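Descriptive structure summary
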Amino acid sequence: MKDVLSLLKHRHLDPAKPVLLGTVSGVASTKPALIRFFDQKVPGIAIITTKSFQVEVNPGNREPVICETEKGSFGNSVGLRNPGMEQALYELRTLKREFPLRAVLNVSLSANSVEDFITLVKAFDEVADMVELNFSCPHASVGYGASIGCDPSIAAAYVREIKAQTKECKAPLFVKLTPNVEDIGLIAREVMESGADGLVAINTVGPIVHIDPVAQQPILQNKLGGKGGCSGKGIYQDALKAIGAIRKACGPDIPLLGMGGVASGEEAARLIAAGADAVGIGSALGTVDQRNWSVYLDAVKAEAEAFLQNRKSTSHPLSSSFVINERQMAYQKHTVTKVKHYGKDTVILTLDGSLDCKAGQFAFLWIPQVGEKPFSVAHNDPLSFVIKRRGPFSEQLCNLTVGSDLYVRGLYGAQLENPVTRKALLLAGGTGVAVLPSLAKQLAEQNTLMQILVGTSETVEGEALLEDELSLYGEFSCIADDGKPGRVLDVLDDLVLDAEQACYLVGPEIFMAIACRKLLGRGMKAERIFLSMERSTLCGIGMCGECACGDRLTCRWGTFLSYDYLLKEAPELVTYD
């Protein structure tokens, strides 16, 4: 266990010391593979913070849970989604056993009772270098988060009892404070005098209702009427004020992690000058491509150190050069122009307008007050999506009629970078066929000869789904399951294959895993097999971490990943028993 208290104490008073940057709870470092990514590939991060874990599994709120109504300013209402104590502890134990961490591991915890907090602190003590008690989430259910942190007497009582019942625990206990109070300094002093080892501030500001400027309707969905916390550049001044107030109330000795809207080196430095011993970078990571996170954070760190030491920064390029200067989560209004039913539970929605979607990219569809989900683009012009009736949101999409409004945001992900081969096999299961038109177009431009296989769950008279377009690119076959799920995979046993050709797989993960095993058994090269990993991301910009495949976020890297990469970095996604 690292000596966190010694690392942080009085650090804000010494501008000669290297600046410590950290991730924040709920952003980017939300899964074990991403914790490892920051530890091994982002040296500018010294403190890695997990998402907030609870005793029981919490599915959180229904999407949308993250929004961006102004460039770089976000609304959040994830609802403390987490896998629960048992699973989280198993994952962190495994991570630390297999990959000893360079950085400090800060485990964030959330509960609505002092008893649950005690259980969590005791459980995670073995893996944590420090624990962070979430007394500050503004959109949590009653009894959680800010329900505790807004009342100094309740917060102090929680800390006293937790410390009294966890004397054997070694990880120092930090309390994360909410800015949504009249006197944050008072609450900070109360919890420190009650036994906390350090403080973290601030959590998101609010909550408020976030209105989309196009739809003129609330975006987020939850039991609070669509209210969500505010993060990003719009809350930086709140953070600066709060850190100064905490330091004034508590003096120079307490360890204090500061965060809130920091995106540049100067902003980090000013937070340190106000009293922060380390600085968390959160929503800003959503404005930078994951592939640039390391160099971006190196630049932030270098700029902050130069500012504090009153010298010119040698950082080049500047941290600001990595920031994507557009509103990435902006919705565009479209109108349904055609609805075509295929079988009993599949619909092709055609919209007015177009998108220039490449293989590996996707978009989000949103119906206000109903929900949103990511979808592959079946046709760019006219803009079309293939919808499979699976749950409440897809049910509503399938029920849309000509003239209905539908909101689209994106594109997300990156275009597939593939080796040019003479031949290629394209294999899709179910509505995964929606990915194939853009892929086939790209391969055709590379003069690749294609064989296209599509599996469907039901036999439908007439042309297969998207057959009219796909058959233009090569030999096309559609094979119905007819009582055997994934029957199309049987074709791989006798298919004539060229070891030098490429194979592109789309469909459920188990479907693709079985296909990989068959193809490898037929002599296909692992680096020539590409899988479209269409994970259910929540944001599309790298904040939530839900689309992680190994240490890559498909919302940034693109959905197509090679089998050899997945086998090395995320074997659980391509193996089955």
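For the structure, check the block above.
Figured I'd write up the structure that's included with this text. (Residues numbered from 1 in each chain as written. Predicted model: local features only at pLDDT ≥ 70, side-chain atom pairs only at ≥ 80, totals over all residues. Heavy atoms only, no water.)

Next up on the list: the overall build of the protein chain. In terms of regular secondary structure, the protein chain is built from 16 helices and 26 strands. A globule of 577 residues ought to have a C-alpha radius of gyration of about 25 Å, and the protein chain, at 25 Å, matches this closely. Buried residues in the protein chain amount to 59% of all 577 residues. Residue pairs at least 24 apart in sequence account for 73% of intrachain contacts in the protein chain once pairs closer than 6 positions are excluded. Working note: accessible area of the protein chain is about 22,600 Å², and carbon and sulfur atoms make up 50% of it. Computed over 58 positive and 67 negative side-chain charges, the inter-centroid distance for the protein chain is 3 Å. (Helix = DSSP H or I, 4+ residues; strand = E, 2+ residues; numbered from the N terminus. Rg over C-alpha atoms; globule rule 2.2 N^0.38 Å. Buried < 20%, exposed > 50% of the residue type's maximum accessible area, 1.4 Å probe, protein only. Contact = heavy atoms within 4.5 Å. Areas by Shrake-Rupley, 256 points an atom, 1.4 Å probe, with all protein chains shown as cover. Lys, Arg positive; Asp, Glu negative; His and termini not counted. Charge placed at Lys NZ, Arg CZ, Asp CG, Glu CD.)

Once that is clear, we can look at the packing of helix 4 (residues 114-124) against helix 6 (residues 152-165). Interaxial distance between helix 4 and helix 6 falls to 9 Å at its minimum, and their mutual angle equals 40°. Compared by their axis directions, helix 4 and helix 6 come out oblique. The chirality of how helix 4 crosses helix 6 is right-handed. Of the residues in helix 6, those in contact with Val 114, Phe 117, Ile 118, Val 121 and Lys 122 of helix 4 are Tyr 158, Glu 161, Ile 162 and Gln 165. (Axes fitted to C-alpha atoms, helices over the stretch in contact; angles between N-to-C directions. Parallel < 35°, antiparallel > 145°, perpendicular 65-115°, else oblique. Left-handed = near helix turned anticlockwise from the far one by under 90°.)

Another aspect to go through is helix 8 (residues 236-250). Note: α-helices contain 3.6 residues per turn, so residues at a spacing of three or four share the same orientation. In this model helix 8 runs 21 Å from its N-terminal to its C-terminal C-alpha over 15 residues, within 8% of the 21 Å that 1.5 Å per residue would give. Buried residues belonging to helix 8 abut helix 7 (184-193), strand 8 (198-201), strand 10 (227-232), strand 11 (256-259) and helix 9 (265-274). Once helix 8 finishes, Gly 251 follows within two positions and takes phi at roughly 85°, a positive value. (Expected span 1.5 Å × (residues − 1).)

So, on to the side chain of Thr 50. Secondary-structure assignment places Thr 50 in the loop between strand 2 (45-49) and strand 3 (66-70). Note on Thr 50: relative accessible area 1%, which makes it buried. In terms of polar contacts, Thr 50 uses its side chain to reach the backbone amide nitrogen of Ser 108, at 3.0 Å. (Polar contact = N/O pair within 3.5 Å; in protein donor to acceptor, adjacent residues only side chain to side chain.)

Residues Ile 529 and Leu 531 line one face of strand 23 (residues 529-532) and the alternating positions Phe 530 and Ser 532 line the opposite face, and both faces are buried. Relative to strand 23, strand 22 (residues 502-506) is paired through 4 bridges, and the arrangement is parallel. Residue pairing in the sheet places Cys 503 in a bridge with Ile 529 of strand 23. This β-α-β element, strand 22 to helix 14 (residues 509-521) to strand 23, shows right-handed connectivity. The sheet contact formed by strand 23 and strand 26 (residues 560-562) spans 3 bridges and is antiparallel. Bridging across to strand 26, Leu 531 finds its partner in Leu 561. (Pairing = 2+ DSSP bridges. Right-handed = clockwise from strand over helix to strand, strands pointing away.)

What follows covers the pairing of strand 14 (residues 346-351). The buried fraction of strand 14 is high, at 6 of 6 residues. With burial as the criterion, each face of strand 14 is covered, one bearing Thr 346, Ile 348 and Thr 350 and the other bearing Val 347, Leu 349 and Leu 351. By the bridge criterion, 6 bridges tie strand 13 (residues 331-342) to strand 14 in an arrangement that is antiparallel. Counted as the bridge partner of Val 336 is Leu 351 from strand 14. Two successive antiparallel strands, strand 13 and strand 14, enclose a turn made up of 3 residues, where Gly 343 displays a positive phi of approximately 70°.

Nonpolar side chains tend to gather and get buried jointly when the protein is soluble and globular. In this structure, Phe 38, Leu 109, Phe 124, Leu 199 and Ile 246 are the most contacted members of the largest nonpolar core, which totals 111 residues. The element best represented in this core is helix 4, accounting for 7 residues. For Phe 124, the residues in contact, after removing those within four places along its chain, are Phe 53, Met 85, Ala 88, Leu 89, Leu 92, Val 107 and Leu 109. Counting residues in each nonpolar core, the second largest holds 29 residues, with Ala 434, Leu 443, Leu 466 and Phe 476 among its members. (Core = buried A, V, L, I, M, F, W, Y, C linked by side-chain atoms within 4.5 Å.)

Two elements in contact, helix 8 and helix 9, have axes whose closest approach is 8 Å; the angle formed by their N-to-C orientations is 20°. Between helix 8 and helix 9, the crossing angle belongs to the class labelled roughly parallel. Across from Tyr 236, Ala 239, Leu 240, Ile 243, Gly 244 and Arg 247 in helix 8, the residues of helix 9 making contact are Glu 266, Glu 267, Arg 270, Leu 271 and Ala 274. Considered class by class, the residues forming the contact of helix 8 with helix 9 number 6 nonpolar, 1 polar and 4 charged. (Nonpolar A, V, L, I, M, F, W, Y, C, P; charged D, E, K, R; others polar.)

This part takes up the sheet that holds strand 9 (residues 205-209). The 4 strands lie next to each other as 3-4-10-9, forming an open sheet whose pairing is antiparallel. Two strands lie at the open edges of the sheet, namely strand 3 and strand 9, each paired on one side alone. For this sheet, the mean angle separating the axes of adjacent strands, direction not counted, is 40°. Inspection of the sheet shows strand 3 paired to strand 4 (residues 73-76) by 3 bridges, in the antiparallel sense.

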